[in-house]
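One letter stands for each residue in the lines below.
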Amino acid sequence: MCASDPIPPLTIHYYGATFANPVGRWLTNRSLRGRRAGVADLTASFADLDHEAARRHYAESLAIAQQLGDRSGTANAMMYLGLQAYHQGTLDVARAAYEASLAIWRELGNRRAVAELLRLLGEVAFQQGDVQVATTFHADSLAMRREVGDRFRSRESSERLG
């Protein structure tokens, strides 16, 4: 992975499923019960995460990347803002950030990043109840991942279609 690549999607998924929501934190802590001595609340700090501070830091990162003319940094910052918005349930904000990031990655020719943004846009569409649009995004993501030989992430996109 190089600096211009987006965050590995499984990292994002596992963070979101494990730490970024109360159910994930509860399941994680419950699964650890009995495996550790004493209190095993390893995810308590995530419940108290200052999401607004995180959003401000991502926005600052975006501003710096834009000032420097760093297109891949701008695209990554937009994706991070989208991820933060997605996990906070502001799906329209997430979609707009993902679309902005996608446009830059397409311009730069980073097909792996494009495939990931298509998957993320599919997740937003699915959460918004638009299954047809979600399916199209996931199918496009899968096709692109296959084109670039990304077998591992192709499985991820394929799962959303089947």
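Let me sum up the structure you'll find in this document. The structure presented is a predicted model; accordingly, all values stated were derived computationally and were not measured. Numbers given to residues run from 1 along each chain, matching the order in which its sequence is written. In keeping with the model being predicted, local features are shown solely for residues with a pLDDT of at least 70 and side-chain atom pairs are shown and tallied solely at 80 or more, while totals for entire chains, interfaces and linings include all residues. As a convention, hydrogens and water are excluded, and side-chain values are obtained from all of the structure's heavy atoms.

**Thoughts on helix 4 (residues 51-68)**
Alright, step 1. The end-to-end C-alpha distance of helix 4, which contains 18 residues, comes to 26 Å, matching closely the 26 Å that a straight helix rising 1.5 Å per residue would cover.
Alright, step 2. Between buried and exposed lies partly exposed: a residue is buried under 20% and exposed over 50% of the maximum accessible area for its type, with that area taken using a 1.4 Å probe on protein chains only. Here a strand is any run of E in DSSP of at least two residues, a helix any run of H or I of at least four, and the numbering for each starts at the N terminus. Turning to helix 4, its buried residues number three or more, namely Ala53, Ala54, Leu62 and Ala65.
Alright, step 3. We call two residues contacting when some pair of their heavy atoms lies within 4.5 Å. Packing partners of the buried residues in helix 4 comprise helix 5 (71-88).
Alright, step 4. Phi for Gly69, located one or two positions after helix 4, is positive at around 70 degrees. By this rule, a helix spans an expected 1.5 Å times one less than how many residues it contains.

**A short note on the nonpolar core**
Alright, step 1. Judged by nonpolar contacts, the single largest core of 19 residues is most densely connected at Tyr98, Leu102, Trp105, Val114, Leu117 and Leu120.
Alright, step 2. Looking at this core, the elements with two or more residues in it are helix 5, helix 6 (91-108) and helix 7 (111-127).
Alright, step 3. Looking at this core, the element that brings in the most residues is helix 7, giving 8 residues.
Alright, step 4. In contact with Tyr98, other than residues within four places in its own chain, are Met79, Gly82, Leu83, Tyr86, Leu117, Leu120, Leu121 and Val124.
Alright, step 5. Of all hydrophobic cores here, the second largest spans 5 residues; its members include Leu62, Met78, Leu81 and Ala97. To define a nonpolar core, start from buried Ala, Val, Leu, Ile, Met, Phe, Trp, Tyr and Cys residues and group those joined through side-chain atoms within 4.5 Å.

**Topic: the packing of aromatic side chains**
Alright, step 1. Any Phe, Tyr or Trp ring, taking Trp's six-membered ring, that has another such ring centre within 6.5 Å forms a pair; planes under 30 degrees apart are called stacked, those over 60 apart edge-to-face, and the others tilted. Within this structure, the stated rule accounts for 1 aromatic pair.
Alright, step 2. Between the aromatic rings of Tyr58 and Tyr80, the centroid separation amounts to 5.6 Å while the plane-to-plane angle is 25 degrees, which identifies the pairing as stacked. Of this pair, Tyr58 sits in helix 4 while Tyr80 sits in helix 5, and the two are 22 residues apart along the sequence.
Alright, step 3. Overall, Tyr58 belongs to the partly exposed group, its relative accessible area being 29%.
Alright, step 4. A relative accessible area of 25% places Tyr80 in the partly exposed class.

**Examining the pattern of salt bridges**
Alright, step 1. Note on definitions: salt bridges are taken to be side-chain nitrogens of Lys or Arg within 4 Å of carboxyl oxygens of Asp or Glu. Taken as a whole and assessed by the stated rule, the structure comprises 8 salt bridges.
Alright, step 2. For Asp92, the salt bridge goes to Arg95, with nearest N and O atoms at 3.1 Å. Here the residue Asp92 and the residue Arg95 both occupy positions in helix 6, the gap between them amounting to 3 residues, near one helical turn.
Alright, step 3. For Arg145, the salt bridge is made with Glu116, and the minimal N-O distance between the two is 2.4 Å. You can see Arg145 sitting in helix 8 (residues 131-147) and its partner Glu116 sitting in helix 7, a full 29 residues away along the chain.
Alright, step 4. Look at the salt bridges and you will find they share partners, linking Asp92, Arg95 and Glu99 into a network.

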